[in-house]
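Below are the chains, spelled out letter by letter.
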Amino acid sequence: VKTAYDLKVDEQSNGAMRINLDVTLSSMHCKQVSLDVMDVSGDARLDVEASVRKQRVGSNGQIIVDSAEDARGSGVVKREPLPEGYCGDCYGAGFEGEYVASGVSSTGWQLPDLRNVEQCQRDVNDAEMMNFAREGCHIKGYLNVNKVAGNFHIAPGKSVESRGNHIHDLSAFDGLESFNFSHTIHSISFGDEFPGVVNPLDGVSRVMNASAGVYQYRMNVVPARYQYLGFNARVVESNEYTVSDHFREFDWHKQPALPGIFFFYDLSPLRVEYREERMGFFKYIATLCAVVGGVFAVSNIVDGAVYQGQRA
């Protein structure tokens, strides 16, 4: 069985695709960061959690199993849940409910310090925001996105959409000296695995020596189709990609920039089609005869050379 390939125009430019990711941040607490995804069509999902799991990582690199005792040790304050129907102060935004950040951002106002907002105090904890325990975060899961150009990023603070702008609130990090986004990318792929696929970001590791910075990975995604042969015959719709990366460091106390890890992706209009092929019977016979004929031809040449040498 051999694999042949063709290059064709991708007629399935609409629809969705899956992004699989497995990344570990070595020096950022899970509560410090959010994972957001957005594209050029205007679709945006903030702080994705439904299909992504965050696990705390200790300073020794081991996964921390959350428990009530562990929560107390990390400085998390246990608070009683809000009473049913409770609203609380709307901080002049004129909305109802406990979602202060989204309500205030919808007005276009600047977000208040969430540590001083009654409804948000259950979500903001100084021990976690300052990462006193020097924990990391393991982020693993998948994202279902539209087949258009877009990006997903891991960045600090609570993210909100305000009048078409994507904003990360960093007020909870007052006093924090640095955002260390050193990381290891265990795996990033677009779609299902298939034989021969290479994901160039797998195993990439970056160490940040600056107080803050932004990592940018720009990926060109090429749709791929792999057709299996035999008893396992099926067609796998997937993708391959190439990547270039860039890092920019800055002082986040002086420059109004957002640190983090950004993955930008764009799709190629072409598709690579792979298919497994088995040699036909008659072609097999012809190839076998050619091999046998070649063996005899070489044997005759060698025999003739030896005979002439003996006569000389």
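Residues numbered from 1 in each chain as written. Predicted model: local features only at pLDDT ≥ 70, side-chain atom pairs only at ≥ 80, totals over all residues. Heavy atoms only, no water.

Caption draft 1: Expanded view of the pairing of strand β3 (residues 33–39). Within β3, seven of the seven residues are buried, which leaves it mostly tucked inside the rest of the structure. By the alternation rule, side chains of β3 split into Val 33, Leu 35, Val 37 and Asp 39 and Ser 34, Asp 36 and Met 38, which are all buried. As paired elements, β3 and strand β7 (residues 150–156) share seven bridges and run antiparallel to each other. Opposite Asp 39, over in β7, you have Gly 150 as the bridge partner. Hairpin connection of β3 to strand β4 (residues 44–45): four residues between the antiparallel strands, including Gly 42 at a positive phi of 100°. (Buried < 20%, exposed > 50% of the residue type's maximum accessible area, 1.4 Å probe, protein only. Helix = DSSP H or I, 4+ residues; strand = E, 2+ residues; numbered from the N terminus. Pairing = 2+ DSSP bridges.)

Caption draft 2: Spotlight on the sheet that holds strand β6 (residues 136–146). Strand order in this open sheet of five strands is β5-β6-β2-β10-β11, and the pairing throughout is antiparallel. Either end of the sheet is taken by a strand with one partner, and the two such strands are β5 (52–57) and β11 (204–206). When strand polarity is set aside, the average angle formed by the axes of neighbouring strands in this sheet is 15°. (Axes fitted to C-alpha atoms, helices over the stretch in contact; angles between N-to-C directions.)

Caption draft 3: Representation of the state of the cysteines. Counted by the stated rule, this structure contains one disulfide. In this model Cys 30 forms its disulfide with Cys 137; the gap between the sulfur atoms is 2.2 Å. One disulfide, between Cys 30 and Cys 137, carries an S-S torsion of 105° and so falls in the right-handed class. Linking Cys 30 in the loop between β2 (16–25) and β3 with Cys 137 in strand β6, this pair joins segments that are 107 residues apart in sequence. Here the two residues Cys 30 and Cys 137 agree in accessibility, since each one is buried. (Disulfide = S-S within 2.5 Å.)

Caption draft 4: Examining a nonpolar patch on the surface more closely. Residues Ile 285, Leu 288, Val 292 and Phe 296 make up a contiguous nonpolar surface patch of about 340 Å² in total accessible area. With respect to the secondary-structure elements, Val 292 resides in helix α4 (residues 281–311). (Patch = residues over 30% accessible without salt bridge, like charges linked within 9 Å, V, L, I, M, F, W, Y side chains within 5 Å. Areas by Shrake-Rupley, 256 points an atom, 1.4 Å probe, with all protein chains shown as cover. Salt bridge = Lys/Arg side-chain N within 4 Å of Asp/Glu carboxyl O.)

Caption draft 5: Here's a closer look at the confidence of the model for the protein. In the predicted model, the protein carries a mean pLDDT of 82, and 78% of its residues have values of at least 70. Ignoring residues within four places in sequence, the model shows residues 68–79, a span with pLDDT below 50, making 14 contacts including any to other chains. (pLDDT = per-residue confidence, 0-100. Contact = heavy atoms within 4.5 Å.)

Caption draft 6: The arrangement of the environment of Met 28 in detail. Positionally, Met 28 belongs in the loop between β2 and β3. On the basis of relative accessible area, Met 28 is assigned to the buried category, the value being 1%. Ignoring anything within four residues of it in the chain, the contact list for Met 28 reads Val 33, Asn 131, Glu 135, Gly 136, Cys 137, Phe 179, Asn 180 and Phe 181.

Caption draft 7: Layout of the packing of aromatic side chains. According to the stated counting rule, one finds 13 aromatic pairs in the structure shown. An angle of 15° between the planes, with centres 4.8 Å apart, marks the rings of Phe 152 and Phe 263 as stacked. Separated by 111 residues along the polypeptide, Phe 152 in strand β7 and Phe 263 in strand β14 (residues 260–267) bring together distant segments of the chain. Neither Phe 152 nor Phe 263 differs from the other in exposure class; each is buried. For the cation-ring pair, Arg 234 lies above Tyr 228, with the distance from its terminal atom to the ring centre recorded as 4.2 Å. (Phe/Tyr/Trp six-rings, centres within 6.5 Å; stacked < 30°, edge-to-face > 60°. Lys NZ or Arg CZ within 6 Å of the ring centre and 35° of its normal.)

Caption draft 8: Geometry of the pattern of salt bridges. Taken as a whole and judged by the stated rule, the model has 13 salt bridges. For Lys 147, the salt bridge is made with Asp 10, and the minimal N-O distance between the two is 3.5 Å. With Lys 147 in the loop between β6 and β7 and Asp 10 in the loop between β1 (2–9) and β2, this pair connects stretches of sequence that are 137 residues apart. Among the residues examined, Asp 10 registers a relative accessible area of 11% and is labelled buried. Here Glu 277 ties to Arg 275 by a salt bridge, and the two come within 2.8 Å at their closest N and O atoms. By sharing partners, the salt bridges in this structure join Lys 8, Asp 10, Glu 11, Lys 147, Arg 225, Glu 237, Arg 271 and Glu 273 into a single network.

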